[in-house]
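Reading the structure
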Amino acid sequence: MSASTLPINIGISDDQRKAIADGLSRALADTYTLYLKTHNFHWNVTGPMFQTLHLMFEGQYNELALAVDAIAERIRALGFPAPGTYSEYAKLSSISETEGVPTAEEMIALLVEGQEAVARTAREVFAVADEANDEPTADLLTQRLQIHEKNAWMLRSLLQ
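Computed from a prediction, not measured in an experiment: that's the story for all the values here. (Residues numbered from 1 in each chain as written. Predicted model: local features only at pLDDT ≥ 70, side-chain atom pairs only at ≥ 80, totals over all residues. Heavy atoms only, no water.)

Here's the deal with the overall build of the protein chain
- On a plain count of helices and strands, the protein chain comes out with 5 helices and 0 strands.
- Element order for the protein chain, N to C, with α for helix and β for strand: α-α-α-α-α.
- Every one of the 160 residues in the protein chain was classed for burial, and the buried ones make up 41%.
- Across the protein chain, every contact between residues at least 6 apart in sequence was considered, and the portion connecting residues at least 24 apart equals 78%.
- Put simply, the protein chain shows about 8800 Å² of open surface, and 54% of that area lies on carbon and sulfur atoms.
- If you average the places of the 12 positive and of the 22 negative side-chain charges in the protein chain, the two averages end up 2 Å apart. (Helix = DSSP H or I, 4+ residues; strand = E, 2+ residues; numbered from the N terminus. Buried < 20%, exposed > 50% of the residue type's maximum accessible area, 1.4 Å probe, protein only. Contact = heavy atoms within 4.5 Å. Areas by Shrake-Rupley, 256 points an atom, 1.4 Å probe, with all protein chains shown as cover. Lys, Arg positive; Asp, Glu negative; His and termini not counted. Charge placed at Lys NZ, Arg CZ, Asp CG, Glu CD.)

Structure (structure tokens):
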């Protein structure tokens, strides 16, 4: 028996692993889409808050770049291929692209929406992982929720 045909026997049924991997694929697509949007805004932000936003967006997109790797690797550990193309992300993501260059305030509002969208997706997948007693995925999603909720709060605070 070759390694590629070995069954995965980690105490989570095939159906549960598939459901979790599918949910994580949506979380990956949301995270990557938010990464690209945040990086775009980092490059294109202007105005009196330029320095603050430029640095804040950089910190957030760097964190998101690490997150996509962790999410993709968890999908692989569950035995499924991780999506990795723009076309797949466009189908899976709940976050839409932003055309043109919004104002700094619009960028902030769009990033709040994006951070909250990733949090909602993570919360949906958490329920599936929790039901399957998939602690590693639940831990990953808990960390993601903490980060996205904090980022949304910090961004939202800039608009008040």
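Still more ground to cover, so stick around.
Examining the packing of helix H2 (residues 50-77) against helix H5 (residues 135-158)
- H5 packs onto H2 with a crossing angle of 165 degrees between their chain directions and a minimal axis gap of 12 Å. Regarding the angle of H2 to H5, the classification is roughly antiparallel. Relative to H5, H2 is oriented so that their crossing is left-handed. For the pair H2 and H5, the contacting residues are Leu 53, Met 56, Phe 57, Gln 60, Glu 63, Leu 64, Ala 67, Ala 70, Ile 71 and Arg 74 in the first and Pro 136, Thr 137, Leu 140, Arg 144, Ile 147, His 148, Asn 151, Met 154, Leu 155 and Leu 158 in the second.
- Here the contact of H2 with H5 is built from residues that sort into 13 nonpolar, 4 polar and 3 charged. (Axes fitted to C-alpha atoms, helices over the stretch in contact; angles between N-to-C directions. Parallel < 35°, antiparallel > 145°, perpendicular 65-115°, else oblique. Left-handed = near helix turned anticlockwise from the far one by under 90°. Nonpolar A, V, L, I, M, F, W, Y, C, P; charged D, E, K, R; others polar.)

Regarding the nonpolar core
- Ranked by internal contacts, the top residues of the largest apolar core, which has 20 residues, are Ile 20, Leu 24, Leu 28, Ile 71 and Ile 75.
- Elements with a minimum of two residues in this core: helix H1 (14-44), H2, helix H4 (104-131) and H5.
- With 17 residues, the next largest nonpolar core counts Val 45, Phe 57, Leu 64 and Ala 104 among its residues. (Core = buried A, V, L, I, M, F, W, Y, C linked by side-chain atoms within 4.5 Å.)

Focus on the pattern of salt bridges
- The final tally for this structure, using the stated rule, is 7 salt bridges.
- Between Arg 26 and Glu 124 there is a salt bridge; the shortest N-O distance is 3.1 Å. Residue Arg 26 is found in helix H1, and its partner Glu 124 is found in helix H4; the two are separated by 98 residues along the sequence.
- A salt bridge links Arg 74 to Asp 134; its shortest N-O distance comes to 2.8 Å. Taken as a pair, Arg 74 in helix H2 and Asp 134 in the loop between H4 and H5 lie far apart in primary sequence, 60 residues in all. (Salt bridge = Lys/Arg side-chain N within 4 Å of Asp/Glu carboxyl O.)

Concerning the packing of aromatic side chains
- Under the criterion given, the structure shown has 4 aromatic pairs.
- A centroid spacing of 5.6 Å and a plane angle of 50 degrees characterise the contact between Tyr 32 and Tyr 35, whose relative ring orientation is tilted. Here Tyr 32 and its partner Tyr 35 are both found in helix H1, 3 residues apart, which amounts to about one turn of the helix.
- On the accessibility criterion, Tyr 32 (23% relative accessible area) is partly exposed.
- Look at Tyr 35 and you get buried, because its relative accessible area is 18%.
- Linked through ring pairs, Tyr 32, Tyr 35, Tyr 61, Tyr 86 and Tyr 89 together constitute an aromatic cluster. (Phe/Tyr/Trp six-rings, centres within 6.5 Å; stacked < 30°, edge-to-face > 60°.)

A few points about the packing of H2 against H4
- Two elements in contact, H2 and H4, have axes separated by 12 Å at closest approach and are oriented at 20 degrees. The angle between H2 and H4 falls in the class roughly parallel. For the crossing formed where H2 meets H4, the hand is left-handed. Within the contact between the two elements, H2 uses Leu 53, Phe 57 and Gln 60 and H4 uses Ala 104, Met 107, Ile 108, Leu 111 and Gln 115.

Overview of the environment of Ile 8
- Relative to the helices and strands, Ile 8 is located in the segment before H1.
- The class of Ile 8 is partly exposed, set by a relative accessible area of 32%.
- Once the C-alpha coordinates of Ile 8 and Ala 77 are considered, the two residues, 69 residues apart in sequence, prove to be 9.3 Å apart.
- When near neighbours in sequence (up to four residues on either side) are disregarded, Ile 8 contacts Asp 14, Arg 17, Leu 78 and Gly 79.

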